[in-house]
Amino acid sequence: MVLKTQTCRFSGLRIYPGKGVVFIRVDGQQFLFLKQKCRALFNQRKRPAKLAWTTLYRKQHRKDQEAQVARKKRRNVTKAATRSVAGASLEVIQKKKSEKPEARKASREAALREIKERAKKAKADKAVQRAQAKAAGGKAVKNVPKGAGKAGAKSTGR
């Protein structure tokens, strides 16, 4: 047989059936107290957290700790997941990881040399084009919007 118990609004202790004092406030709110002592203290506006025998006091002052289940603290372990990055698949990344440092350094230097050569070639091509434009004697054409700079022309701004 299971007894339905209620809790005292002041002390927080269990109230068994047939026991307790009910106090109904003017606004209709019901308060159930374990005994007259609890009701009297409630009416005197005493704070249950300051009375050592109430459950609120015991909870705030960390009494009855053995009654609470001690939970194990879980440590969040971050797993380093290797994923493919934009522009490089997982296999390529694994291959580069397993490469020896000397080989990695050599391939890096070769790639840098190639980039520098490409930049030099582009610069040389640009210089040749500039020389050709000068030789042709043409005026340097600038990217200027149509109708800009003409006298009496309306602006194209919208």
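Criteria and thresholds
- Residues numbered from 1 in each chain as written.
- Predicted model: local features only at pLDDT ≥ 70, side-chain atom pairs only at ≥ 80, totals over all residues.
- Heavy atoms only, no water.
- Helix = DSSP H or I, 4+ residues; strand = E, 2+ residues; numbered from the N terminus.
- Buried < 20%, exposed > 50% of the residue type's maximum accessible area, 1.4 Å probe, protein only.
- Contact = heavy atoms within 4.5 Å.
- Pairing = 2+ DSSP bridges.
- Polar contact = N/O pair within 3.5 Å; in protein donor to acceptor, adjacent residues only side chain to side chain.
- Core = buried A, V, L, I, M, F, W, Y, C linked by side-chain atoms within 4.5 Å.
- Phe/Tyr/Trp six-rings, centres within 6.5 Å; stacked < 30°, edge-to-face > 60°.
- Expected span 1.5 Å × (residues − 1).
- Salt bridge = Lys/Arg side-chain N within 4 Å of Asp/Glu carboxyl O.

### What to know about the overall build of the protein
Across its full length, the protein carries four helices and four strands. Reading the protein from its N end, one meets helices and strands in the order β-β-β-β-α-α-α-α. Going through the 158 residues of the protein one by one, you find that 8% of them count as buried. When contacts within the protein are restricted to residue pairs at least 6 apart in sequence, long-range pairs at least 24 apart make up 23% of them.

### A closer look at the pairing of strand β4 (residues 30-33)
Pairing of strand β3 (residues 21-24) with β4 involves four bridges; the strand directions are antiparallel. In the strand pairing of β4, Phe23 is matched with Phe31. Adjacent in sequence and paired antiparallel, β3 and β4 are bridged by five residues, among which Gly28 carries a positive phi angle near 95 degrees.

### Considerations on the environment of Arg25
You can see Arg25 is positioned in the loop between β3 and β4. Only 2.5 Å separates the side chain of Arg25 from the side chain of Gln29, close enough to count as a polar contact.

### So, the nonpolar core
Core analysis: the biggest nonpolar cluster contains eight residues, these being Cys8, Phe10, Ile15, Phe31, Leu32, Phe33, Cys38 and Leu41. Sorting the residues of this core by element identifies β4 and α1 (36-43) as the ones contributing at least two each. Considering each element in turn, this core owes the most residues, three residues, to β4. Among all residues touching Cys38, those that are not within four sequence positions of it are Cys8, Phe10, Ser11, Phe33 and Trp53.

### Focus on unusual backbone geometry
Positioned with a positive phi, Arg45 is a non-glycine residue whose angle comes to about 60 degrees. Examined against the element boundaries, Arg45 turns out to sit in the loop between α1 and α2 (55-60). The class of Arg45 is exposed, set by a relative accessible area of 76%.

### Re the packing of aromatic side chains
The final tally for this structure, using the stated rule, is six aromatic pairs. Seen in terms of ring centroids, Phe33 and Phe42 are 5.0 Å apart; in terms of plane orientation they differ by 50 degrees. Their pairing is tilted. Taking relative accessible area as the criterion, Phe33 reaches 0% and is therefore assigned buried. Overall, Phe42 belongs to the partly exposed group, its relative accessible area being 24%.

### Focus on helix α4 (residues 101-136)
With 36 residues, α4 should cover 52 Å at 1.5 Å per step; its first-to-last C-alpha distance of 53 Å lies within 8% of that length. The first or second residue beyond α4 is Gly137, which carries a positive phi of 80 degrees.

### Some remarks on the side chain of Thr54
With respect to the helices and strands, the residue Thr54 is situated in the loop between α1 and α2. A relative accessible area of 0% means that Thr54 is categorised as buried. Filtering out sequence-adjacent residues up to four positions away, Thr54 remains in contact with Phe10, Ser11, Pro48 and Ala49.

### Some remarks on the pattern of salt bridges
Tallying each qualifying case throughout the model produces two salt bridges. The partner of Arg25 in a salt bridge is Asp27, and the shortest N-O contact between them spans 3.4 Å. A relative accessible area of 34% places Arg25 in the partly exposed class.

### Quick word on the side chain of Ser11
For Ser11, the location among the structural elements is in the loop between β1 (6-7) and β2 (14-15). Within polar-contact distance, the side chain of Ser11 engages the backbone nitrogen of Leu13 at 3.3 Å. Sequence-distant contacts of Ser11, defined by excluding residues within four places in its chain, comprise Leu34, Cys38, Trp53, Thr54, Thr55 and Leu56.

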